[in-house]
Amino acid sequence: EAGVAQSPRYKIIEKRQSVAFWCNPISGHATLYWYQQILGQGPKLLIQFQNNGVVDDSQLPKDRFSAERLKGVDSTLKIQPAKLEDSAVYLCASSLFWDRAPTNEKLFFGSGTQLSVL
Amino acid sequence: AQSVTQPDIHITVSEGASLELRCNYSYGATPYLFWYVQSPGQGLQLLLKYFSGDTLVQGIKGFEAEFKRSQSSFNLRKPSVHWSDAAEYFCAVGARAAGNKLTFGGGTRVLVKP
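In short, a report on the structure. (Residues numbered from 1 in each chain as written. Chains lettered and ligands numbered in written order. Predicted model: local features only at pLDDT ≥ 70, side-chain atom pairs only at ≥ 80, totals over all residues. Heavy atoms only, no water.)

The subject of this paragraph is the nonpolar core. Residues W35(B), L48(B), F74(B), L76(B) and Y89(B) are the most contacted members of the largest nonpolar core, which totals 26 residues. Every element with two or more residues in this core is listed here: β2 (10–14), β3 (19–21), β5 (32–38), β6 (44–50), β8 (64–68), β9 (73–78), β10 (87–94) and β12 (108–113) of chain B. For this core, the element with the most residues is β10(B), which contributes four residues. Ignoring sequence-local partners within four residues, the contact set of L48(B) consists of L33(B), F34(B), W35(B), V57(B), Q58(B), G59(B), F63(B), E64(B), A65(B), F74(B) and L76(B). Judged by nonpolar contacts, the second largest core, of 21 residues, contains V19(A), F21(A), L46(A) and F49(A). (Core = buried A, V, L, I, M, F, W, Y, C linked by side-chain atoms within 4.5 Å. Buried < 20%, exposed > 50% of the residue type's maximum accessible area, 1.4 Å probe, protein only. Helix = DSSP H or I, 4+ residues; strand = E, 2+ residues; numbered from the N terminus. Contact = heavy atoms within 4.5 Å.)

Structure representation (structure tokens):
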């Protein structure tokens, strides 16, 4: 079974530039999550999708971050403009059912995109 | 609001020795508790989870964890570590009442000495 795919693996940009990350979840998984993991901290949920609808984006800094999952499959997360404090690993995860996830349902994580903002 | 504290940032253990990682949580009701492992360059992998019932939970790779309500703890243990156990370990708490949102601790990095 193919896992959660993320690209790019690494990205280095200067502050005020824009950046986009891509995630392709496991086939058939309805729920997709984007997490931000700052060095030395645990992952923090940014946004959760159920198919192509947003379930929770309460911790997404909407003035600069945006995410979409247009066809309910793959997703992109964008930062525009980037700040130094956005340097982190951005993890994508997916699960089969949203109403049982992530507590009663297993989350599958991608390897992440490591972003460095200079 | 739910929160998780992992008091130990780094732990170094000799191969073959026992390992215990501490996790304390804060939540008003009975939480769901998880331990994840993150190896370098890889995504997080679920080791084990506690929802209810037996407070001693068995997981993959020989790990176990014990839920102690009186201490608000969910410590992870392994009797004998292998070099491949070197990784970062995250404790997480979730609850249906909190919208099933997972809150992660800051993580504990485990180094294994030969």
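Quick look at the packing of aromatic side chains now. Applying the stated criterion to the full structure yields 15 aromatic pairs over all chains. Ring geometry for Y50(B) against F67(B): centres 4.5 Å apart, planes inclined by 25 degrees, an arrangement best described as stacked. Of this pair, Y50(B) sits in strand β6 while F67(B) sits in strand β8, placing them 17 residues apart in sequence. The exposure class of Y50(B) is buried, given its relative accessible area of 4%. By relative accessible area, which is 4% here, F67(B) ends up buried. Every member of this aromatic cluster is reached through a ring pair, and the members are Y33(A), Y35(A), F109(A), Y32(B), F34(B), Y36(B), F51(B), F90(B) and F104(B). Sitting over the ring of Y10(A), R9(A) keeps its end group 5.1 Å from the ring centre. (Phe/Tyr/Trp six-rings, centres within 6.5 Å; stacked < 30°, edge-to-face > 60°. Lys NZ or Arg CZ within 6 Å of the ring centre and 35° of its normal.)

Right, let's talk about the interface of chain A and chain B for a bit. Counting from both sides, the interface comprises 24 residues of chain A and, opposite them, 21 residues of chain B. For the pairing of chain A and chain B, the buried interface totals around 1700 Å² over both sides, and the portion due to carbon and sulfur atoms is 51%. Where chain A touches chain B, the interface holds zero salt bridges. The tally of links between chain A and chain B comes to two residue pairs in polar contact (both at pLDDT 80 or more). (Buried area = accessible area lost by both parts, 1.4 Å probe. Salt bridge = Lys/Arg side-chain N within 4 Å of Asp/Glu carboxyl O. Polar contact = N/O pair within 3.5 Å; in protein donor to acceptor, adjacent residues only side chain to side chain.)

Residue and element names in this part refer to chain A. One pass over the structure, following the stated rule, counts seven salt bridges over all chains. Between R64 and D86 there is a salt bridge; the shortest N-O distance is 2.5 Å. With R64 in the loop between β6 (53–56) and β7 (65–68) and D86 in the loop between β8 (75–79) and β9 (88–95), this pair connects stretches of sequence that are 22 residues apart. When sorted by exposure, R64 lands in the same class as D86, which is buried.

On to the layout of surface pockets, then. Size it by volume and the largest pocket reaches roughly 600 Å³. What lines the largest pocket is a set of 25 residues, and nearest its centre among them are Q37(A), L39(A), V89(A), E88(B) and R109(B). Counting residues per element, the ones that place at least two in the lining of the largest pocket are β9 and β11 (113–117) of chain A. Here the element with the most residues in the lining of the largest pocket is β11(A); it accounts for three residues. Its residues assigned to classes, the lining of the largest pocket comprises eight nonpolar, 14 polar and three charged. Counted as a void, the second largest pocket has a volume near 250 Å³. Ranked by residues supplied to the lining of the second largest pocket, first place goes to β6(B) with three residues. A class-by-class count of the residues in the lining of the second largest pocket yields eight nonpolar, six polar and two charged. (1 Å grid on protein atoms, 1.4 Å probe; cavity = no way out; pocket = protein on both sides within 12 Å on 5 of 7 lines; lining within 4 Å. Points joined across faces, edges and corners; volume = space filled by probe spheres on them. Nonpolar A, V, L, I, M, F, W, Y, C, P; charged D, E, K, R; others polar.)

With that out of the way, let us pick up the environment of A17(B). All names here are of chain B. Looking at the element boundaries, A17 is found in the loop between β2 and β3. For the pair A17 and S70, spaced 53 residues apart in the sequence, the C-alpha separation amounts to 28 Å. Contacts of A17, omitting those with residues within four sequence positions, involve K78, P79, S80 and V81.

It is worth spelling out the sheet that holds β8(A) at this point. Residue and element names in this part refer to chain A. Here four strands make up an open sheet; going across it, the order is β1-β3-β8-β7 and the pairing antiparallel. Edge positions in the sheet fall to β1 (5–7) and β7, since each has one partner strand and no second. Taken pair by pair, the neighbouring strands of this sheet meet at an average axis angle of 15 degrees, ignoring direction. The sheet contact formed by β7 and β8 spans four bridges and is antiparallel. (Pairing = 2+ DSSP bridges. Axes fitted to C-alpha atoms, helices over the stretch in contact; angles between N-to-C directions.)

By themselves, these figures tell us nothing about what the structure is for.
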